[in-house]
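# Architecture and fold: a report
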Amino acid sequence: MQPTAVTWALLGLLALGERSGYDIKRAIDRSIRHFWAASYGQIYPELKRLEEAGWVAGKDAGRGGRSRRVYRITAQGRRELDGWLHGYETRIELRDESLLRLFFADTLPRDEALGLLAARREGYRMMLEYLQGLDDGDTDPPFLDLVYRWGLDYCEWGIEWCDRQERRLRRNA
């Protein structure tokens, strides 16, 4: 089976415990979506593929009158996840619509272009505020905390970068 971009996120979450597709989507939205998003349209087909490949096992577990399938990672899925975790191929892929707008900002009047930079700074500020709100005082596992702190630092850096670049652009106007 050829893994997809979503494969590792699903296997990683299932390695932490059994979950339904809905539970997986909720976990993604509350944790990794800020750097690795996945939609229901990606999650459910991928769970089916992983189950057919033997990397996860699902069982029906209805709730109320609704059908529900709960998945767990299998030994084979765990081996695949471990292989990926120990791999040294690292691809950093960044999809940033705000940065794409800045790339083309020279097509706008200067004040409007600077407004895009201000909007980017506000986006970082809002994300920082959101991430800070996630801190419930509980002690997280060390590497989950590491990624959380990366998010905080990234937002703080982004705000500072926007401030520096706005000052530079205004000086050079």
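Right, let's walk through the structure included here. For clarity, every value in this text was computed on a predicted model and none was experimentally measured. (Residues numbered from 1 in each chain as written. Predicted model: local features only at pLDDT ≥ 70, side-chain atom pairs only at ≥ 80, totals over all residues. Heavy atoms only, no water.)

To continue, consider the packing of helix 1 (residues 7–15) against helix 2 (residues 21–30). One way to put it is that helix 1 packs onto helix 2 with a least axis distance of 11 Å and a crossing angle of 100°. For the element pair helix 1 / helix 2, the angle class is roughly perpendicular. Listed contacts from helix 2 to Leu10, Leu13 and Leu14 of helix 1 are Ile24, Ala27 and Ile28. Looking at the contact of helix 1 with helix 2 residue by residue, the classes come out as six nonpolar, no polar and no charged. (Axes fitted to C-alpha atoms, helices over the stretch in contact; angles between N-to-C directions. Helix = DSSP H or I, 4+ residues; strand = E, 2+ residues; numbered from the N terminus. Parallel < 35°, antiparallel > 145°, perpendicular 65-115°, else oblique. Contact = heavy atoms within 4.5 Å. Nonpolar A, V, L, I, M, F, W, Y, C, P; charged D, E, K, R; others polar.)

In this section: the environment of Glu129. Note that Glu129 resides in helix 6 (residues 110–134). In sequence terms Glu129 and Cys155 are 26 residues apart; their C-alpha atoms lie 9.3 Å from each other.

Let us look at the environment of Gly158. Looking at the secondary structure, you find Gly158 in helix 7 (residues 142–171). By relative accessible area, which is 0% here, Gly158 ends up buried. Sequence separation between Gly158 and Leu13 is 145 residues; the distance between their C-alpha atoms is 28 Å. (Buried < 20%, exposed > 50% of the residue type's maximum accessible area, 1.4 Å probe, protein only.)

Bringing the side chain of Ser20 into the picture now. Within the element layout of this structure, Ser20 appears in strand 1 (residues 19–20). Within polar-contact distance, the side chain of Ser20 engages the backbone nitrogen of Asp23 at 3.0 Å. If we ignore the near neighbours within four places in the chain, the residues touching Ser20 are Arg68, Arg69 and Val70. (Polar contact = N/O pair within 3.5 Å; in protein donor to acceptor, adjacent residues only side chain to side chain.)

Time to look at the pattern of salt bridges. Summed over the entire model, instances satisfying the criterion amount to 16 salt bridges. A salt bridge links Asp23 to Arg68; its shortest N-O distance comes to 3.8 Å. Here the residue Asp23 occupies a position in helix 2, and Arg68 occupies one in the loop between strand 2 (56–60) and strand 3 (69–73), the gap between them amounting to 45 residues. Salt-bridge contacts for Lys25 lead to Asp29; the nearest nitrogen and oxygen are separated by 3.0 Å. Taken together, the positions of Lys25 and Asp29, both in helix 2 and four residues apart, correspond to about one turn of that helix. The exposure class of Lys25 is buried, given its relative accessible area of 14%. (Salt bridge = Lys/Arg side-chain N within 4 Å of Asp/Glu carboxyl O.)

What follows covers the sheet that holds strand 2. One open sheet accounts for three strands, arranged 1-3-2; its pairing is antiparallel. Since the sheet does not close on itself, it has two edges, and those belong to strand 1 and strand 2, each with one partner. In terms of strand pairing, strand 1 meets strand 3 through two bridges, oriented antiparallel. Residue pairing across strands places Arg19 opposite Tyr71, the latter belonging to strand 3. Set on the sheet, helix 1 makes contact with strand 1, strand 2 and strand 3; between it and strand 3 the angle comes to about 90°. (Pairing = 2+ DSSP bridges.)

With that out of the way, let us pick up the nonpolar core. One finds Leu10, Leu11, Leu14, Ile24, Ile28, Ile43 and Leu47 to be the most contacted residues of the largest nonpolar core, which totals 20 residues. Those elements that provide at least two residues to this core are helix 1, helix 2, helix 3 (40–53) and strand 3. Sort the elements by how many residues they give to this core and helix 1 lands first, with six residues. Excluding its chain neighbours within four sequence positions, the residues that come into contact with Leu14 are Arg19, Ile24, Leu47, Val56, Tyr71 and Ile73. Formed by 10 residues, the second largest nonpolar core is a distinct cluster that contains Leu102, Leu117, Leu128 and Cys162. (Core = buried A, V, L, I, M, F, W, Y, C linked by side-chain atoms within 4.5 Å.)

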